[in-house]
Amino acid sequence: MTNVDDNLLDVALFGGTVAVAGALGWRSYRRSTSGGKGTFPVPGASFATWIDPLPSLDARVAVVSNPFRGPESTEQAARQHLGVDLMFRRSDARDLVAAFPPGTPGGTAQFFMPEQIPALAASAGVVTFAADTPVGKTVIVRHPNGWATYYTHLSALAVHAQSTVRAGDTVGTVGASPTDPAHLRHLHFELWKGANRSGAVDPSPYLDAWSRKSLAWSPTVVASTTP
């Protein structure tokens, strides 16, 4: 989850590898957009057609653990973070510390991430890249409306280049960057207006409006649900 990691994320668009992911049962719901967050444009589609790239774990909703930071100046370019990191927030300092102790790959003092959590395609599109990179397995999906989404620090891939995906399809399994000494599990997610990172925008307001899928879960068991 370091800035050094995130500055290594530029990759060429070439073919990738395939890994098999298990089928999961889901239920979908819309996240509330109330609370003064305002209305933000969803890329080329209604709110209902885009999906948050992480499922909720029953009532636990993924949140931004490291925000977007664009290169506002030359001095800040080295600290840019052209996406957001997503994890699950602890309800208090004691929440799930036995299952995911702070300072381990499973969590920090404020956030945690179980193993085997799927990363989901935010919308329908075609996979243009799916392969290993220096910061973990990485997937890029190009969407028909000219936008693209970027998912990295994956431990396994569920798609390959030229795969067609629907909103909510699994593209990989959340993992950690090999360059992170803490090996902290989290999903780094980017939203690009165009086909590459030069069009990266802050995904946070979009995430606040997109629908979510929910995965039945306990700290020791990940189970499927009835749709």
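For the structure, see preceding data.
Small disclaimer: the values here were computed from a predicted structure and weren't measured.

Caption draft 1: Geometry of the overall build of the protein chain. Scanning the protein chain from terminus to terminus reveals 2 helices and 14 strands. Every one of the 227 residues in the protein chain was classed for burial, and the buried ones make up 48%. Within the protein chain, contacts between residues at least 6 apart in sequence are counted, and of these 68% link residues at least 24 apart. As displayed, the protein chain has an accessible area near 9900 Å², and 57% of this comes from carbon and sulfur atoms.

Caption draft 2: Focus on the pattern of salt bridges. Across all of its chains, the model carries 5 salt bridges by this definition. Between R212 and D52 there is a salt bridge, with its nearest N and O atoms 3.2 Å apart. Pair noted here: R212 is in strand 14 (residues 211–215) and D52 is in the loop between strand 1 (27–30) and strand 2 (56–57), with a separation of 160 residues, a long-range link. The same class applies to R212 and to D52, which are both buried. As a salt-bridge pair, K137 and D132 come within 3.1 Å of each other at their nearest N and O atoms.

Caption draft 3: Representation of the pairing of strand 8 (residues 136–142). Among the 7 residues that make up strand 8, 5 are buried, leaving the element largely enclosed by the rest of the structure. As judged from the 7 bridges shared by strand 7 (residues 125–133) and strand 8, these two strands associate in the antiparallel manner. Its bridge partner being in strand 8, V127 is matched across the sheet by V141. Where strand 7 folds back onto strand 8 in an antiparallel hairpin, the turn is made up of 2 residues.

Caption draft 4: Broad picture of the nonpolar core. Core analysis: the biggest nonpolar cluster contains 38 residues, and L54, V139, Y151, L187, F189 and W210 have the highest contact counts within it. Among the secondary structure elements, those contributing two or more residues to this core are strand 4 (84–89), strand 5 (111–112), strand 7, strand 8, strand 9 (147–157), strand 11 (170–174), strand 12 (187–193) and helix 2 (204–207). Ignoring anything within four residues of it in the chain, the contact list for F189 reads P53, G83, V84, L86, A122, T149, Y150, Y151, P203, L207 and W210. Membership of the second largest hydrophobic core comes to 8 residues, among which are F129, I140, Y150 and W192.

Caption draft 5: The arrangement of the packing of aromatic side chains in detail. Applying the stated rule across the entire model yields 10 aromatic pairs. Look at F189 and W210: their rings are 6.2 Å apart centre to centre, the planes differ by 85°, and that puts the pair in the edge-to-face class. Of this pair, F189 sits in strand 12 while W210 sits in the loop between helix 2 and strand 14, and the two are 21 residues apart along the sequence. By relative accessible area, F189 is classed as buried at 0%. W210 sits in the buried class, given a relative accessible area of 0%. An aromatic cluster is defined as three or more aromatic residues linked by ring pairs; in this entry it consists of W50, W147, Y151, F189, Y206 and W210. Directly above the ring of Y150 sits R197, whose terminal nitrogen or CZ lies 5.9 Å from the centroid.

Caption draft 6: Molecular detail of the environment of P178. In this fold, P178 is placed in the loop between strand 11 and strand 12. Every residue in contact with P178, bar those within four places of it in the chain, is listed here: P134, V135, G136 and H183.

Caption draft 7: Summary view of the side chain of S163. Secondary-structure assignment places S163 in the loop between strand 9 and strand 10 (164–165). On the basis of relative accessibility, which here comes to 11%, the residue S163 falls in the buried class. Once you skip the residues sitting within four places of it in the chain, S163 turns out to touch G125, V126 and V127.

Caption draft 8: Unusual backbone geometry, seen in detail. The backbone phi angle of D58 is positive, close to 55°, even though this residue is not glycine. Relative to the elements of secondary structure, D58 occurs in the loop between strand 2 and strand 3 (62–66). Positive phi values are uncommon outside glycine, yet L96 reaches one of about 60°. Here L96 is to be found in the loop between strand 4 and strand 5. Judged by relative accessible area, which is 17%, L96 ranks as buried.

Thresholds applied
Residues numbered from 1 in each chain as written. Predicted model: local features only at pLDDT ≥ 70, side-chain atom pairs only at ≥ 80, totals over all residues. Heavy atoms only, no water. Helix = DSSP H or I, 4+ residues; strand = E, 2+ residues; numbered from the N terminus. Buried < 20%, exposed > 50% of the residue type's maximum accessible area, 1.4 Å probe, protein only. Contact = heavy atoms within 4.5 Å. Areas by Shrake-Rupley, 256 points an atom, 1.4 Å probe, with all protein chains shown as cover. Salt bridge = Lys/Arg side-chain N within 4 Å of Asp/Glu carboxyl O. Pairing = 2+ DSSP bridges. Core = buried A, V, L, I, M, F, W, Y, C linked by side-chain atoms within 4.5 Å. Phe/Tyr/Trp six-rings, centres within 6.5 Å; stacked < 30°, edge-to-face > 60°. Lys NZ or Arg CZ within 6 Å of the ring centre and 35° of its normal.

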